[in-house]
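Observations on the three-dimensional arrangement
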4 protein chains.
Amino acid sequence: MAEVPNLEVPVLGPCRFDSPMLEGGPWPTMDEPRRVLLHSSIEENLATGRPLEELPAFEGAGPRGRLYFDPAATRAGIVTCGGLCPGLNDVIRGLVMVLWYRYGVRHIEGYRFGYEGLNPAIGHEPMALNPEVVGFIHEQGGTLLGSSRGPQDPDVVVDFLRSRGVNVLFAIGGDGTLRGAADITAVARHRGLELAVIGVPKTIDNDIPYVEQSFGFDTAVTRAVESVRTVHIEALGARGGVGLVKLMGRHSGFIAAYATLASNHANYALIPEVDFPLEGENGLLEHVRRRVLKRGHAVIVAAEGAGQRYVPAEGTDRSGNPLLGDIGTFLRDRIQAYLREKEVAHTVRYIDPSYLIRGVPATAFDSVYCFRLAALAVHAAMAGRTGMVVGRWRGRYVHIPIERAASGRQQVDPHGDFWLSVLEATGQPRWAVSSAAGSG
Amino acid sequence: MAEVPNLEVPVLGPCRFDSPMLEGGPWPTMDEPRRVLLHSSIEENLATGRPLEELPAFEGAGPRGRLYFDPAATRAGIVTCGGLCPGLNDVIRGLVMVLWYRYGVRHIEGYRFGYEGLNPAIGHEPMALNPEVVGFIHEQGGTLLGSSRGPQDPDVVVDFLRSRGVNVLFAIGGDGTLRGAADITAVARHRGLELAVIGVPKTIDNDIPYVEQSFGFDTAVTRAVESVRTVHIEALGARGGVGLVKLMGRHSGFIAAYATLASNHANYALIPEVDFPLEGENGLLEHVRRRVLKRGHAVIVAAEGAGQRYVPAEGTDRSGNPLLGDIGTFLRDRIQAYLREKEVAHTVRYIDPSYLIRGVPATAFDSVYCFRLAALAVHAAMAGRTGMVVGRWRGRYVHIPIERAASGRQQVDPHGDFWLSVLEATGQPRWAVSSAAGSG
Amino acid sequence: MAEVPNLEVPVLGPCRFDSPMLEGGPWPTMDEPRRVLLHSSIEENLATGRPLEELPAFEGAGPRGRLYFDPAATRAGIVTCGGLCPGLNDVIRGLVMVLWYRYGVRHIEGYRFGYEGLNPAIGHEPMALNPEVVGFIHEQGGTLLGSSRGPQDPDVVVDFLRSRGVNVLFAIGGDGTLRGAADITAVARHRGLELAVIGVPKTIDNDIPYVEQSFGFDTAVTRAVESVRTVHIEALGARGGVGLVKLMGRHSGFIAAYATLASNHANYALIPEVDFPLEGENGLLEHVRRRVLKRGHAVIVAAEGAGQRYVPAEGTDRSGNPLLGDIGTFLRDRIQAYLREKEVAHTVRYIDPSYLIRGVPATAFDSVYCFRLAALAVHAAMAGRTGMVVGRWRGRYVHIPIERAASGRQQVDPHGDFWLSVLEATGQPRWAVSSAAGSG
Amino acid sequence: MAEVPNLEVPVLGPCRFDSPMLEGGPWPTMDEPRRVLLHSSIEENLATGRPLEELPAFEGAGPRGRLYFDPAATRAGIVTCGGLCPGLNDVIRGLVMVLWYRYGVRHIEGYRFGYEGLNPAIGHEPMALNPEVVGFIHEQGGTLLGSSRGPQDPDVVVDFLRSRGVNVLFAIGGDGTLRGAADITAVARHRGLELAVIGVPKTIDNDIPYVEQSFGFDTAVTRAVESVRTVHIEALGARGGVGLVKLMGRHSGFIAAYATLASNHANYALIPEVDFPLEGENGLLEHVRRRVLKRGHAVIVAAEGAGQRYVPAEGTDRSGNPLLGDIGTFLRDRIQAYLREKEVAHTVRYIDPSYLIRGVPATAFDSVYCFRLAALAVHAAMAGRTGMVVGRWRGRYVHIPIERAASGRQQVDPHGDFWLSVLEATGQPRWAVSSAAGSG
């Protein structure tokens, strides 16, 4: 992030309409939005070499007094893509509620099963959305609309949206989804269409850049902690008990690291950003052996993307993500073999709770967060922003260019104070930083 | 159960001591215990051909006014064996509390890591137990004492207990543990020792005969339901979503059946007691295909012991239980292959939550149940009963000869009203009864 | 219960229809139902002086092969009355599911806001019920139909049911509701109408006679335990901390007693069935003072109906129940005053969680139980039973004459082994049995 | 906050010791801490009129390579004050763990029952703390050390700390506690003592200035949501159901506002910062009446400090906080009376869950947060900082002068985007800003 980023988001045109006068009189607006600094310290800002008024900053989010779209003529569409993530229904509900009550938009439709629902050739019928339909959906996990992986032809999508008269599209999904939304934005712009495309970044792994914490992450950690706690109890209940939990995190170890800190029972946190030796005096196996002999048990939390050099895999999934080798069963088997070989009494318990984590309702924290992201996504669209995502940065809600959010990756900084806390909590060795780190 | 069972439990000898006068004045006692009928209907009782006063019945449990052991001279030991089960710490705590406060027993010791702790050659030191040590343990899962599988030589165990002056042993475990306790009882009786051996039957699968519902079962079902609910959400969130959960239940499908009823979201419950065809028009695969096409998704709950003829395994585990084939991954792979072959869009999500279920704290129901079992185990021991387990039968607490509880197996009755309710809840086909059923 | 009870339930007439052949081939039936013994011990049965085949017994519940009503012509109505209770939606859902899928009944309606919904003069429109409407309601607390207290004129109700062509009515509620259902049954019988009235007894207090454990009770205890646990933590966190929780239980202390046993943290359980002195050496106040001085804290769980002689109240609520004085705030104030007077440093924390307990979703245990009660209620109705409730007795599901369930009251037996366990768990003084007890 | 704040924290002196070489080799350190900007937008920073390098900023927190105290000679003390707050035990545990394992400090003591434990005249014996004692305490609510309200003479406290050789004191508590800690710092400085006093700000209401979100707040909201959800179910279950929940928040309505957003079921959120009329066309009563008639029910969430002009109170509690009138029972009674007078059928359910919220274990979010605050408090102390608190500001951990944190108050900004979201979620009227607001 050395060069100065361009952090402005596209605008469809000047705002021509007043915010509507709905029930309860005029709604408050934020007409003097702030530019929220990218960097939060004096040192980082000095390093840009720029004067204060030109420091890199995001546009602050919020409702505007003047709108680009006429609410009465607005037709909105919503799509959810990729794997399940807690809070999807909260976002859908928030979008519908704010469109309906705050702006009086009466045509809102949801597309079924991800971008598939925007390709008429596949034939999923859109679902009409209104406050009654979405009233209680946030109390269930999953997504009312269904989801799928993979893109559809952006020209087909734009044609479809035109055919339905939709001028505002909300796309909730991960980096692939956001790249798809960027493509749709580009096609619409190229054709000169009045289409606002707003993304709500979804990543249970918390790995989207410029998004401090993604929705669903808090819920995922909350559930992951239960797994760590339970495997710890299993480890305590057996001679030489070793508990091993594999948690989500393909490229970023946030869930594993947070669950480690939150449970306070793990002795080793393994993440993609930090390499670890398996063999030798300083290797994981020997560390585990020594700990089991000394303390009677050990608990290991591994992100699914950790230690991939031990379990090389080939190919990609339907979203185009490289397949991962299974570090969980690999470590389980290697630890068992090592302790057997060293004649240490042991019982290894392995848990992979991933599908128990993604489909649950959101925590209170995530519910609040989802509602606010949804509300601000609607405000941005009504004010004519496009090709952007909403996010929270340094505690404030901002507009982020969609290309920024869809490129690169947020990772645990192996030199930062957060990872340091994990080391302090586990007392694990200071292993080297992984070559997988730092690409963020 | 055609022949008339002998349901009396051994007694060490006549009661010679008064119940102690501890803080709070005399404790109530139940000196006229009832004989609790084995059979609860007129028809079953008539079928025995016996007169009313000779109907098969268990001795009712409860504190007696006169004791066999002098509380002041009593030394008690506690051991927990086998896999973790919610409520183990509640039972330990209950035993200690009632021994301490109700009878004034001041020497209570816990043996580490199952029967291993009763074999001095292995060298685990017993742990001194008192109300302070056990005060909060019931709020954590697992067992304070640790556990292990497999028996130890009963002669060694009896020697060890003698060497420590212990005259009351509480053994908490499954059928293997209870057989071990029966062996210890036999050795002690043969040597003419004053040793009371009381079992508290532990089986998360709920498969111990004459024990209506085992402790930990309610907790296991409660947690299992979360898995069914979550996999249902996963199934709803994808085109052709199929959710599959494997639950505990080697020989008895109670957890799977209860979780099915409690979640109300499963379409197929597969249990060891009921066979199911895989192929053909009436086979599971074709049923799933049709349901996915008609309703968009399907949810399957399978006990680990279901469909074993499809996944034959060989060998036994350390407790001597035959190994099971993995019906979960088998079904996952077969369903995927079938739907792919039939060109049905699908996404199969598979969850195996077992180690997330065993190590959790007990539900309120199980906590109450464990305390009561523990209290009644203490009362039975103090009154000189031995070679027995405590249990609840037809809503009343009773003494059960340990051989009865350790032999045979309780199973879901495929012709009974409970399984009928499962069929009504799922609407699944009425497949044939398994050859594995009926051996109870 | 000294005299021999008449435990048979009314039957509308001989069964004339076959169980329907719906999807999946013939459903299993139980055509030789058992008579389930009222008394479970040999001694109690001997005391009746009756021969084995004439012992008092309930008719076993279950689906019959032959039906009284033609499913295709059956119209069913459902009403929920009285205060909220966990599981109401499970029962509604179960009734609808079994009526719809098992019997093919296609006309099912729900009445809004209790018996009010059966009085057309009030004007609540019935709600059409089907599997889609009730699909997820069991995951929420409360009742889909709404509820209210108090009866309506049974002649008006019967007229209304006739006007809608309804021949099966399910009434879910407490003793008042069941008395109302008995009145409706009587009017229908008097007029010679083919109306089956089946009650599903609802009492969060667990105080309905011949119903071992009522639905919602397990959930209520589960939530109550959280209150006891939290107030215990408050008590531990302050000098002379006294935690006091008031729990539901107007006449029966089951919730208080179970929550005491389940939490294992209460030192005094106060229930309507057992009187307690307030003043004097053996009074509650002095006991609390001594405990606070000796152990630093104390926890008290009081049923709302406990100690009513200290807080006399007058009048009745809308259901006709006598109003209770507020024992919770009374004890809080008296304990504070006493400790202040005795110059004991203290902090008293008082919690009354009742409205936090009634509106929550059912536990797994209660969900299973509700489904089974609902299914058996449908079976009973289809087989022409009327004027009865379904219940579980000694672990088996039975038909109970509605007058039996609606009269008298189940209470904690102060001389039984359950209350004894509570005394063992708390170590509280053996205070005298209340004059309020024993009326069951 | 118009004037430029002085945000530097006191330092005892130059760092003279190296960070210790403990197990696992050198621990990472952050020797070039950043100055974290007070203001996060360009506009706010421009308004200060200062150049970039002189913008108001906090010292970034983190472990330093060089220490002021010799770890081997350090003796640390910990005290918790005021009402219970989720996470207290997490903070205690984190302090002990990091002192012990990271710095090798072996003398750590906890003072019982707040500042009382630092006054030897009261006679509470300090409790020795080490990793074993605190190992599992975070899984329980409350505080291991106990707590109390009110200060002690700072001279007495400093004498006591000297007598015990303690040179690092960690004080966990609210504004009163922090003022006490500031007084202790001042006395120590005046006497020239080497005593580091570090505060960890505790406020379940989230009302401490310069502390973005206080620990325990997330847990409190999580639990508060359950109350809102349950009272909503109660409101739905009755004709004219009105649910009313009173939540914590004396001067700041954060808990009420967050719980409103998170539950998505409240129709009116009442907070101290925003006044509301009771009577008249635009008054709360009339709004509730209209909503009940139109939608059948209404849910109100009120912070305890809301609407105090309707319930004036006099006097202060032991911490010196002004007593509040009971807005909860006041609103309950007024709404009931109004609806009765207007002849609207109604049922009002009121819940005050406060003591059910404070004593629970921390959420995963709060557990992580508490550990990090604790670790950074230890780092600050070892590096010789004093008279400060640790906090998170704009997503980064910082050192805050204790006087800043102990003065003024953080409140909901009635003109900010957060409160705007609440209005959007509830659709409630835009009532005027309270005179109680804006004093932050």
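Residues numbered from 1 in each chain as written. Chains lettered and ligands numbered in written order. Predicted model: local features only at pLDDT ≥ 70, side-chain atom pairs only at ≥ 80, totals over all residues.

1. Focus on the overall build of chain A
The secondary structure content of chain A amounts to 13 helices and 15 strands. Its C-alpha atoms give chain A a radius of gyration of 24 Å, near enough to 22 Å, the size a compact globule of 440 residues would have. For chain A, the spread of C-alpha atoms along the three principal axes comes to 75 × 55 × 40 Å. The contacts in chain A between residues at least 6 apart in sequence include a share of 77% that link residues at least 24 apart. (Helix = DSSP H or I, 4+ residues; strand = E, 2+ residues; numbered from the N terminus. Rg over C-alpha atoms; globule rule 2.2 N^0.38 Å. Contact = placed C-beta atoms within 7 Å.)

2. What about the interface of chain D and chain A?
In this assembly, 56 residues from chain D lie in contact with 57 residues from chain A. Top contributing element to the side of chain D that touches chain A by residue count: helix H11 (residues 364–382) of chain D, with seven residues. A breakdown of the residues in the side of chain D that touches chain A according to their chemical character gives 26 nonpolar, 15 polar and 15 charged. (Nonpolar A, V, L, I, M, F, W, Y, C, P; charged D, E, K, R; others polar.)

3. Comments concerning the domain arrangement of chain A
Under the domain assignment, chain A is made up of domain 1 (17–214 + 362–406) and domain 2 (225–355 + 414–426). For the side of domain 1 of chain A that touches domain 2 of chain A, the residue count by class is one nonpolar, four polar and three charged. (Domains from an automatic or database assignment.)

4. Structural notes on the interface of chain A and chain B
Across the boundary between the two partners, chain A contributes 25 residues, which contact 25 residues of chain B. Among the secondary structure elements, those contributing two or more residues to the side of chain A that touches chain B are helix H6 (217–236), strand E13 (347–351) and helix H10 (354–357) of chain A. Of the residues forming the side of chain A that touches chain B, the biggest block, six residues, is contributed by H6 of chain A.

5. Section: the confidence of the model for chain A
Low pLDDT marks regions whose predicted coordinates should not be analysed in detail. Per-residue confidence for chain A gives a mean pLDDT of 92, with 95% of residues at or over 70. Among the scores for the predicted complex, ipTM is 0.93 and pTM is 0.94. (pLDDT = per-residue confidence, 0-100.)

6. Concerning the relation of the copies chain A and chain B
Copy one and copy two of the chain differ by a rotation about a common axis and a shift along it. With an RMSD of 0.0 Å, the operation that places chain A on chain B is a rotation of 180° combined with a shift of 0.0 Å along the axis. In the structure described here, the two chain copies are related by an operation that fits a two-fold rotation axis. When C-alpha positions in chain A are compared against the rotation axis, the closest is assigned to Pro-353 of chain A, at 3.6 Å. (Least-squares fit on C-alpha atoms with pLDDT ≥ 70 in both.)

7. Points about the sheet that holds strand E10 (residues 241–247) of chain B
Residues and elements named next belong to chain B. Ordered by their spatial adjacency, four strands build an open sheet running E11-E12-E10-E13, and the pairing between neighbours is parallel. Whereas interior strands pair on both sides, the edge strands pair on one side only; in this sheet they are strand E11 (268–270) and strand E13 (347–351). Neighbouring strand axes in the sheet, compared pairwise and without regard to direction, differ in orientation by 15° on average. Direction of pairing for E10 relative to E13: parallel, over a ladder of five bridges. Residue pairing in the sheet places Val-242 in a bridge with Val-348 of E13. Helix H6 (residues 217–236) contacts E10, strand E12 (297–303) and E13 of the sheet and is inclined by roughly 165° relative to E10. (Pairing = 2+ DSSP bridges. Axes fitted to C-alpha atoms, helices over the stretch in contact; angles between N-to-C directions.)

8. Comments concerning the packing of helix H11 (residues 364–382) of chain A against helix H13 (residues 417–426) of chain D
Direction vectors running N to C along H11 of chain A and H13 of chain D enclose 90°, while the axes themselves pass 10 Å from each other. The pairing of H11 of chain A with H13 of chain D is recorded here as roughly perpendicular in orientation. Contacts between H11 of chain A and H13 of chain D involve Phe-371, Arg-372 and Ala-375 of chain A from the former and Ser-421, Glu-424 and Ala-425 of chain D from the latter. Its residues placed into classes, the contact of H11 of chain A with H13 of chain D shows three nonpolar, one polar and two charged. (Parallel < 35°, antiparallel > 145°, perpendicular 65-115°, else oblique.)

9. A closer look at the nonpolar core
Looking at soluble globular proteins, one finds that nonpolar side chains tend to be buried together. Counting 576 residues, the largest nonpolar core has Ala-377 of chain A, Ala-377 of chain B, Ala-377 of chain C together with Ala-377 of chain D as its most contacted members. Sequence-distant contacts of Ala-377 of chain A, that is, excluding residues within four places in its chain, are made with Leu-95, Phe-170, Ile-198, Val-200 and Val-390 of chain A. (Core = buried A, V, L, I, M, F, W, Y, C linked by C-beta atoms within 7 Å. Buried ≥ 20, exposed ≤ 12 C-beta atoms within 10 Å, placed from the backbone.)

10. Details of the relation of the copies chain D and chain A
Once chain D is rotated about the relating axis by 180° and shifted along it by 0.0 Å, it coincides with chain A to within an RMSD of 0.0 Å. The residues that chain D uses at the interface reappear at the interface of chain A in 100% of cases, marking a shared surface.

11. Structural notes on unusual backbone geometry
Even without a glycine there, the phi angle at Asn-206 of chain A is positive, about 65°. Mapped onto the fold, Asn-206 of chain A is located in the loop between strand E9 (196–201) and H6. Even without being a glycine, Phe-113 of chain D presents a positive backbone phi close to 60°. C-beta crowding within 10 Å serves as the criterion here: with 25 such atoms nearby, Phe-113 of chain D is assigned to the buried category.

12. Observations concerning the sheet that holds strand E10 (residues 241–247) of chain A
All names here are of chain A. Judged by pairing direction, the sheet is parallel, and its four strands sit side by side in the order E11-E12-E10-E13 without closing on themselves. Of all strands in the sheet, those with a lone pairing partner are strand E11 (268–270) and E13, marking the two edges. Strand-to-strand, the axes of this sheet are offset by a mean angle of 15°, without reference to chain direction. Those strands touched by helix H7 (residues 254–263) are E10, E11 and strand E12 (297–303), and its axis lies near 150° from that of E12.

13. Looking at helix H7 (residues 254–263) of chain D
In terms of residue burial, H7 of chain D counts as a mostly covered element, since ten of its ten residues are buried. Within H7 of chain D, burial applies to Phe-254, Ile-255, Ala-256, Ala-257, Tyr-258, Ala-259, Thr-260, Leu-261, Ala-262 and Ser-263 of chain D. At its buried positions, H7 of chain D is contacted by H11 of chain A together with helix H6 (217–236), strand E10 (241–247), strand E11 (268–270), strand E12 (297–303) and H13 of chain D. Just beyond H7 of chain D, the residue with positive phi is Asn-264 of chain D, at close to 65°.

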